[in-house]
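# Observations on the three-dimensional arrangement
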Amino acid sequence: MLKHIYRFIVLVVVFVVSIFLMGNNIREEKMESNATTTMAATTFPIMYIETDRGLMNPLHGYSTNIDANMIRETITLIDSDQAVNISIDQKKTTVKKINYEIRDCNQYELIEQGSISALTEVDKYKTAKIKIKETLEENTEYAMKITAVTSTGKKIHFYTRIKKILNAHLNEKYDFVETMHEAILNKDKNAGIDAYLETNSSMDNSTYAHVNINSSYDMVMWGDLKPKLKSDVITKITEMNQDTASFVLRYKVEVETDSGAEQYTVSEFFRVKYTPARMYLLYYDRKAEARFYPTHMSIKEGELKIGVSEAYDLPIMTDGEETKLCFVRNKTLWYYDMIANNMVKVFTFEQDKSDFIRDCYDQHDIKILNIDADGNIDFVVYGYMNRGEYEGRTAVILYRFHSVDNRVEEQVYIPMNIPYDVMKQDLEGFSYVNRFSVFYFSLQDQIYSYNMTTKKLETIVEDVDPESIMVSQKDSYIAWEDDSESGKATSIILLDLETGAKSYIKAKKGQSVRILGKIDENLIYGYVKDDDISTYTDGTILAPAYKVSIVNKSLQELKTYSMKKYYTVAVTVKDNVIQLKRVKKSASSETKYTSAESDYILNKSESNTSKIEVTTRVTDKMLTELYLALPSTIILDKKPTVKSTVNTVIKEDKTLRLDIDRINREIYYVYGLGEASQVYDNAGDAIVLADKKMGAVLNQDFKVIWERGKKATRASISSITPVYTSSGLSSKKACAKMLIANSGVNVTVDQIQDKKGSIMDILTQYMKKEPINLTGSTLDQVLYYVSEGRAVIAMKNNGQPVLITGYDEFNITMVDPGLGRTWKEGYKDSSKMFEEAGNVFISFIE
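Residues numbered from 1 in each chain as written. Predicted model: local features only at pLDDT ≥ 70, side-chain atom pairs only at ≥ 80, totals over all residues. Heavy atoms only, no water.

## Overview of unusual backbone geometry
Under the convention used in this document: Each helix is a run of DSSP H or I of at least 4 residues and each strand a run of E of at least 2, with the numbering of both proceeding from the N terminus. Three labels apply to residues, based on accessible area from a 1.4 Å probe with only protein chains included: buried if under 20% of the type maximum, exposed if over 50%, partly exposed otherwise in between.
Even without being a glycine, W222 presents a positive backbone phi close to 70 degrees. Looking at where W222 falls in the secondary structure, it is placed in the loop between α3 (217-220) and β13 (228-229). Here L623, not a glycine, exhibits a phi torsion of approximately 55 degrees, which is positive. Looking at the secondary structure, you find L623 in strand β45 (residues 623-629). On the basis of relative accessible area, L623 is assigned to the buried category, the value being 17%.

## Quick word on the sheet that holds strand β43 (residues 593-602)
Rules: A pair of strands is treated as paired once DSSP finds two or more bridges between them. Orientation is described by axes fitted as lines to C-alpha atoms, over the contacting stretch for helices, and by angles from 0 to 180 degrees between their N-to-C directions.
Reading across from one edge, β41-β42-β43 is the order of the 3 strands in this open sheet, with antiparallel pairing throughout. Two strands bound the open sheet, and with one partner strand each, they are β41 (566-574) and β43. Adjacent strand axes in the sheet meet at a mean angle of 25 degrees, parallel and antiparallel pairs treated alike. With 8 bridges connecting them, β41 and strand β42 (residues 577-585) associate as antiparallel partners. Bridge assignment links T572 to a residue of β42, and that residue is Q579.

## Regarding the packing of aromatic side chains
Quick reminder of the rule: Stacked, tilted and edge-to-face pairs are distinguished by plane angle, under 30 degrees for stacked and over 60 for edge-to-face with tilted covering the rest, among Phe, Tyr and Trp rings (Trp via its six-membered ring) whose centres lie within 6.5 Å. Cation placement over rings: the criterion is NZ of Lys or CZ of Arg within 6 Å of the ring centroid and within 35° of the ring normal.
What the rule picks out here adds up to 26 aromatic pairs. Taken together through their ring pairs, the aromatic side chains of Y62, Y159, Y361 and Y384 make up a single cluster. Taking the ring centre of Y280 as reference, the NZ or CZ of R278 above it sits at 4.0 Å. Over the ring of Y627 we find R617; its NZ or CZ atom is 3.9 Å from the centre of that ring.

## Thoughts on a negative patch on the surface
Filter applied, for reference: Each patch is built from residues that are more than 30% exposed by relative accessible area and take part in no salt bridge. Like charges join if they lie within 9 Å; nonpolar side chains (Val, Leu, Ile, Met, Phe, Trp, Tyr) join within 5 Å. Using the Shrake-Rupley algorithm and a 1.4 Å probe, accessible areas are obtained, with residue cover drawn only from the displayed protein chains. We count a salt bridge whenever a side-chain nitrogen from Lys or Arg sits within 4 Å of a carboxyl oxygen from Asp or Glu. When charges are counted, neither His nor the chain ends are considered; positive counts come from Lys and Arg and negative counts from Asp and Glu. By convention, the point assigned to a charge is CZ for Arg, NZ for Lys, CD for Glu and CG for Asp.
A cluster of acidic residues, E462, D463, D659 and D661, forms a negative patch on the protein surface. Residue placement: E462 occurs in the loop between β30 (456-461) and β31 (469-472).

## Focus on the sheet that holds strand β47 (residues 646-648)
What links the strands of a sheet is backbone hydrogen bonding, and the strands pair in either a parallel or an antiparallel sense. Read from one edge to the other, the open sheet built from 6 strands follows the order β1-β47-β26-β25-β24-β23, with strand pairing classed as mixed. Only two strands of the sheet have a single neighbouring strand rather than two, namely β1 (36-37) and β23 (364-371). Sheet topology places β1 next to β47; 2 bridges connect them, and they run antiparallel. Paired with T37 across the two strands is N647, which belongs to β47.

## Here we look at helix α9 (residues 779-787)
The buried fraction of α9 amounts to 8 of the 9 residues, a majority that puts the element mostly inside the structure. For α9, the set of buried residues is L779, Q781, V782, L783, Y784, Y785, V786 and S787. Among the residues trailing α9, G789 stands out with phi positive, at a value near 90 degrees.

## Structural notes on the side chain of T42
Rules: Two N or O atoms form a polar contact when they lie within 3.5 Å of each other; inside protein one atom must be a possible hydrogen donor and the other a possible acceptor, and for residues adjacent in sequence the pair counts only when both atoms belong to side chains. In this analysis, two residues are considered to be in contact whenever any of their non-hydrogen atoms come within 4.5 Å of each other.
Within the fold, T42 resides in the loop between β1 and β2 (46-51). Classification of T42 by relative accessible area gives buried; the value is 10%. Among the polar contacts made by the side chain of T42, one reaches the side chain of R358 at a distance of 3.4 Å. Once residues within four sequence positions are removed from consideration, T42 is found in contact with K92, Q351, R358, N386, R387 and E391.

## So, the pattern of salt bridges
Once their charged atoms are close, side chains differing in charge can pair, the charge on each being opposite to the other. Throughout the structure, instances matching the rule amount to 38 salt bridges. Between R72 and E239 there is a salt bridge, with its nearest N and O atoms 3.4 Å apart. Here R72 is found in the loop between β3 (54-60) and β4 (75-78), whereas its partner E239 is found in strand β14 (residues 234-240), with 167 residues between them in sequence. With relative accessibility at 7%, the residue R72 sits in the buried group. The exposure class assigned to E239 is buried, which follows from its relative accessible area of 8%. Here R407 and D405 are joined by a salt bridge, their closest N and O atoms 3.1 Å apart. A relative accessible area of 38% means that D405 is categorised as partly exposed.

## Quick notes on the nonpolar core
To be explicit about the condition: What makes a nonpolar core is a set of buried Ala, Val, Leu, Ile, Met, Phe, Trp, Tyr and Cys residues whose side-chain atoms join them at distances within 4.5 Å.
One finds I705, I740, Y785, L803, I804, F834 and F841 to be the most contacted residues of the largest nonpolar core, which totals 57 residues. If near-sequence neighbours (up to four positions away) are discounted, F834 is found in contact with L779, A794, M795, V802, I804, M814, N839 and F841. One finds I184, L249, V255 and V308 within the second-largest nonpolar core, a separate group that totals 49 residues.

## Some words on the environment of M39
Along the chain, M39 turns up in the loop between β1 and β2. Once the C-alpha coordinates of M39 and R387 are considered, the two residues, 348 residues apart in sequence, prove to be 7.5 Å apart.

## So, the packing of α9 against helix α10 (residues 827-836)
Filter applied, for reference: Every angle not falling under 35 degrees, over 145, or within 65 to 115 is termed oblique; those three ranges are roughly parallel, roughly antiparallel and roughly perpendicular. Gly counts as polar in this scheme, as do all residues outside two lists: the nonpolar Ala, Val, Leu, Ile, Met, Phe, Trp, Tyr, Cys and Pro, and the charged Asp, Glu, Lys and Arg.
Relative orientation of the contacting elements α9 and α10 amounts to 105 degrees, with a least axis distance of 10 Å. When the axes of α9 and α10 are compared, the pair comes out roughly perpendicular. Seen from α9, the contacting residues are L779, D780 and L783; seen from α10, they are Y827, S830, S831 and F834. For the contact of α9 with α10, the residue count by class is 4 nonpolar, 2 polar and 1 charged.

## Side note on α10
Under the convention used in this document: To obtain the arc, one takes the directions from the helix axis to the C-beta atoms.
Of the residues making up α10, those classed as buried are S830, S831, M833 and F834. Along the axis of α10, the buried residues cluster in a sector spanning 165 degrees; they form a single face. Residues K828, K832 and E835 are exposed on α10 and point more than 90 degrees away from its buried face. Packed against the buried residues of α10 are α9, β54 (792-795), β55 (801-807), β56 (811-816), β57 (821-826) and β58 (841-845). Positive backbone phi, at 95 degrees, marks G838, one or two positions downstream of α10.

## Looking at the packing of helix α6 (residues 731-742) against helix α8 (residues 759-766)
Between two packed helices, the angle of one axis relative to the other and the distance separating the axes together describe the packing. Let me state the cut-off plainly: When the near helix sits turned anticlockwise from the far one by under a right angle, the crossing is termed left-handed; a clockwise turn instead gives a right-handed crossing.
Their axes nearest at 10 Å, the elements α6 and α8 cross at an angle of 30 degrees. Both α6 and α8 take part in a crossing whose hand is right-handed. Residues K732, K733, A736, L739 and I740 of α6 form the contact with α8, whose own contacting residues are I759, I762, L763 and Y766. Per-class residue counts for the contact of α6 with α8 are 7 nonpolar, no polar and 2 charged.

## A short note on the environment of V408
Tracing the backbone shows V408 in strand β26 (residues 407-416). In sequence terms V408 and L314 are 94 residues apart; their C-alpha atoms lie 22 Å from each other. Among all residues touching V408, those that are not within four sequence positions of it are V346, F379, Y399, R400, F401, T645, V646, N647 and T648.

Here it is as structure tokens:
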């Protein structure tokens, strides 16, 4: 009996203890799910390239393994000894060894790899000399990846391009840049800076936010401002050739403004040329962006001061009542409750105690998706993660800001193996979160939906051309064509992003539909008859719409346009006016059409009731500064209180992994003035911008297809055997046959005689190399290809093609199949002839 009593007592004790422990465990789990922390400080090392003039080309570490030819931030010069000298600022890591690999930039083939364990320690740096054994070709770019292995076994990757140039005169080029930089910053009137400027009316000299070689001397020398250097000057070499080089200098200055002391982040671009006699300044460009100071707001005017800036399109979003505001400034997301007069720094990679080199690395951005009535914000951070849990990775991260407790919570983490320059075009275009926690986003020509509750990923659209998509964030829908090839779409699909419902606009039999644009939140599209579709010589498809319609989200037709004998080929929208670019039929034209005068539609625009907008204020000292004007209903009597957020500690894995291939359509990335600039579908348009920005163009495979400054003074391709129409071929096919032979493939007259289609169609069929349509470029720009040993097909103003095979300072050499001769034409007359034909050029890339 006593034994049973003891057993009962033991069971009771066990039960009580179990309940106690279970209760403690439950409370502990609840505490952990709501735990918060601040973002961790940076830990990764910084790698520099050693030069005779000190440390340059700071390289930031990636934990993501990226193809090295995708990153073009710096170029490192090597000479005959083929050595790359590196210095590693270890920061909070200990580097034990480095691995390296060198790859060909075009084919991405491995040239050499190696490892160095014997690192030399000098002060706070670890140094190494990487001696490249394989003989590299001169004046050829290679992609280099250097991997630092830490004491914990972590691998951190650094990327640069290398180029072997003998007698590149780097020291002289850099000395010239440094002298100019210091003279401008120190306002040295005796330095003769004005002699290097090319002042003209293209710059209006109204703002310190952007000046260049065409600005006035006073603007370049900072006018009445007295900037004081507040950081190290970080120097990057972005392009290097035998005589020319491009440098970017980044630094922070402090300026005494009418509102008090303010700091500006400055980026200074120099393109210079060395000659034995003297140095030349080919281009100068400087941008300055003021730091945002909440305390510098104007209470009287009800305005937040943005300051010296070009951010006229500042990303802004408000709730429905316009009492809560969020905006992105200096890569920082801010939230402002105007009624409570509270401001929160929601997200930033900037650190309170910074060495600047971390904060100035701006390979990321923030996109606001929405803000609700309670001030909660959904936003995306994408690109390189400067610090925190994902330091060194490239990713897309969806966050939610909870305004009630100033807390940021991660929703989705998407790791990527492409750099910021590549992904930003996608994320700037389309991303959306609906009220059912479905995240829509676009990456690498795919549109996805991801249900964050069920963890279901769906591909909405595959291989979609951004030009064939219309996005309406306000009305929560997107529209796309079911076939992105021009003249092939038989329907347009509209997707309601809140309900997931689809609606369709269908073409009649023998017709197609195409998206032309949008106005307000309404879709503009056109109907095209199959028989009206035509093809240009360069392969471009012309799909003229005989009828244009404007519909809303519900497919209610708001307006139509059609005019007998006229067809719409493109639409532009400015303010409240739709411009229709038109053509009309012409039997004498190659495409059956000739340009016609534009027509216009005046839209009954929805009134913009937003009371929050970017405004300007001009003073004698500061010139133009930007302000963010608040609604007149907001009455302030003091400056806002400012708080920072904390991050929610996430126990659940939020990772979404995507299996994404590279874009397989032709796209062209423009790099200029030391940074990635824009992406185009047309190579010619990309080349024009790259020329203006002193840069280069890369295709979808990250091959350089054009670079400013590499064209020789004269060139001649002597290996081409002329083919004339006397052989029985048309001028177009004769030119195609010669260019195919120039690419290394010989085809007979019989093989090419019966081929139909455009010149591009014929080249694509027979060439082993990649033909490229350069239409839109100028003659001077396409001569880069002749300089590289690749002939260029060009259309004359009589509609007949020639093959350009050479040039010098005065003349162009061309084979003219129709005239049956090879001849020279003056440079000016040749340019005029090709311009009148529309600057239609075709060549190929290796």
